[in-house]
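Chain by chain, the residues run as shown.
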Amino acid sequence: MIRVLTQADATWAAQQHAALMPNSVFAAFGVGFLRCFYRVFAQSKHAVAYVWEDASKPAAVITATSNRSAFLRGLILRHGPMLAAYAVLGLMHKPCRRLVAQLRHYPRHGGDTPIQAEMIFITVDPCCRGKKVAHRLIEAVLSDYAARRVDRVHVTIERANAGVRRILDGFGFKVVSSFLLADKQNDLLQLNMAERGTTP
Ligand SMILES: CC(C)(COP(=O)(O)OP(=O)(O)OC[C@H]1O[C@@H](n2cnc3c(N)ncnc32)[C@H](O)[C@@H]1OP(=O)(O)O)[C@@H](O)C(=O)NCCC(=O)NCCS
């Protein structure tokens, strides 16, 4: 069953993120930082976020923004001091410093337009993989985008993540640029909603 992400899910979502994507840039700042992020996804009117439940327990989550700059403004206004504290702690570690320095490469534009609607994180508990849960969560976000009249969607993925790439290809996403983040090659993918594929 798919439902909207709530603030009560934030701790679980952060722990699942840290466990399943330990090398992601945001995981480098710790579970507290991630919890704060997931809370804002649950609160913000500029976010779209869903949970998939297995036997009434959360097992998968997807987060996205419908207006990235408005979402980030809200994040900084509500949680700026706490995020800064995590950043200072993180910057004390050398590997973290390198990751933060590379964040400046994170794209602001997709092709020739500024990035606005962006899918950010998706994690599916290993117990529930291979059952099209990720497909359904992505479809739910794209339906929400369609209702909000979003016409272009972006997502950044590690080039080595063949699983998620295959899913996104099925929806019609195409690579528009590449960059280095967390010492790994990343691709920025774009979907024109008019060319959107249906759930396979
Ligand atoms: C990637 C992830 C979200 C997929 O979740 P899922 O619910 O198992 O995905 P689905 O069942 O909807 O689809 C799986 C598809 O990926 C394919 N796939 C999975 N792993 C793959 C791999 N290593 N190489 C190639 N294809 C792969 C499957 O064959 C299937 O394709 P098909 O629909 O054509 O048969 C899940 O594995 C996960 O949480 N990974 C860790 C977090 C992560 O990497 N998130 C993405 C970056 S934000």
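This text goes with the structure placed above it.
Calculation criteria
- Residues numbered from 1 in each chain as written.
- Predicted model: local features only at pLDDT ≥ 70, side-chain atom pairs only at ≥ 80, totals over all residues.
- Pairing = 2+ DSSP bridges.
- Helix = DSSP H or I, 4+ residues; strand = E, 2+ residues; numbered from the N terminus.
- Right-handed = clockwise from strand over helix to strand, strands pointing away.
- Axes fitted to C-alpha atoms, helices over the stretch in contact; angles between N-to-C directions.
- Contact = placed C-beta atoms within 7 Å.
- Buried ≥ 20, exposed ≤ 12 C-beta atoms within 10 Å, placed from the backbone.
- Near = placed C-beta within 6 Å.
- Nonpolar A, V, L, I, M, F, W, Y, C, P; charged D, E, K, R; others polar.
- Parallel < 35°, antiparallel > 145°, perpendicular 65-115°, else oblique.
- Left-handed = near helix turned anticlockwise from the far one by under 90°.

K.L.:
Which parts of the structure should I look at to understand the pairing of strand S7 (residues 152-158)?
P.N.:
Taken residue by residue, a regular strand's side chains alternate between the two faces of the sheet. Sheet topology places strand S6 (residues 117-124) next to S7; three bridges connect them, and they run parallel. When the bridges of S7 are listed, Ala-117 appears paired with Val-153. For the crossover from S6 across helix H5 (residues 133-147) to S7, the handedness is right-handed. Both S7 and strand S9 (residues 184-192) contribute to a ladder of seven bridges, which runs antiparallel. Its bridge partner lying in S9, Arg-152 is registered against Asn-192.

K.L.:
Is there a simple way to think about the sheet that holds S7 in this case?
P.N.:
Sheets are built from strands paired through backbone hydrogen bonds, the pairs being either parallel or antiparallel. In spatial order, the strands read S1-S2-S3-S6-S7-S9-S8; together these seven strands make up an open sheet with mixed pairing. Each end of this open sheet is capped by a strand with a single partner; those strands are strand S1 (2-4) and strand S8 (174-181). Sheet twist, expressed as the mean angle between neighbouring strand axes with direction ignored, is 25°. Set on the sheet, helix H1 (residues 10-20) makes contact with strand S3 (57-65) and S6; between it and S6 the angle comes to about 80°.

K.L.:
How do you make sense of the environment of His-17 when you look at a structure like this?
P.N.:
By the secondary structure assignment, His-17 is in helix H1. By C-beta crowding, His-17 is classed as buried, having 23 other C-beta atoms within 10 Å. His-17 has contacts with Ala-27, Leu-34, Phe-121 and Thr-123, leaving out every residue within four places of it along the chain.

K.L.:
How do you make sense of the site of the ligand when you look at a structure like this?
P.N.:
Near the ligand, the surroundings consist of 21 residues, among which Arg-129, Val-133, Ala-134, Ala-162 and Gly-163 are the closest. Contributing elements (two or more residues each) for the shell around the ligand: S6, H5 and helix H6 (162-171). Examining the composition of the shell around the ligand, we find that five residues originate from one element, H6, more than from any other. Each residue belonging to the shell around the ligand can be placed in one class, and the counts come to 12 nonpolar, five polar and four charged.

K.L.:
In this structure, what is going on with the packing of H1 against helix H2 (residues 31-43)? I would like to understand it.
P.N.:
The angle between the axes and the distance between the axes are what describe a pair of packed helices. Orientation of H1 relative to H2, taken along the N-to-C sense of each, is 130°, at an axis distance of 8 Å. When the interaxial angle is binned, H1 and H2 end up oblique. The handedness of the crossing between H1 and H2 is right-handed. Of the residues in H2, those in contact with Ala-10, Thr-11, Ala-13, Ala-14, Gln-15, His-17 and Ala-18 of H1 are Val-31, Leu-34, Arg-35, Tyr-38, Arg-39 and Ala-42.

K.L.:
Would you mind showing me how to read the environment of Ile-115 here?
P.N.:
Tracing the sequence through the fold places Ile-115 in the loop between strand S5 (113-114) and S6. Residue classification places Ile-115 among the buried positions, given that 21 C-beta atoms sit within 10 Å. Measuring from C-alpha to C-alpha, the distance between Ile-115 and Leu-72 comes to 12 Å, with 43 residues separating the pair along the chain.

K.L.:
So what exactly am I meant to see when it comes to the pairing of S8 here?
P.N.:
Across seven bridges, the pairing between S8 and S9 is antiparallel. If you follow Leu-180 over to S9, its bridge partner there is Gln-185. Between the antiparallel neighbours S8 and S9 lie two residues, among them Ala-182 with a positive phi of about 50°.

K.L.:
Got a minute to help me understand the environment of Asp-169 in this structure?
P.N.:
Relative to the assigned elements, Asp-169 resides in helix H6. Separated by 20 residues in sequence, Asp-169 and Leu-189 place their C-alpha atoms 9.3 Å apart.

K.L.:
Would you mind going over unusual backbone geometry with me for this structure?
P.N.:
When glycine is set aside, most residues are seen to have a negative phi, and most peptide bonds are trans. The backbone of Ala-55 shows a phi angle near 50°, a positive value even though the residue is not glycine. When you line up the elements, Ala-55 lands in the loop between strand S2 (47-54) and S3. According to the C-beta neighbour criterion, Ala-55 is exposed, with 6 such atoms within 10 Å. The phi torsion at Ser-56 lies on the positive side, around 65°, for a residue other than glycine. Among the secondary structure elements, Ser-56 is positioned in the loop between S2 and S3.

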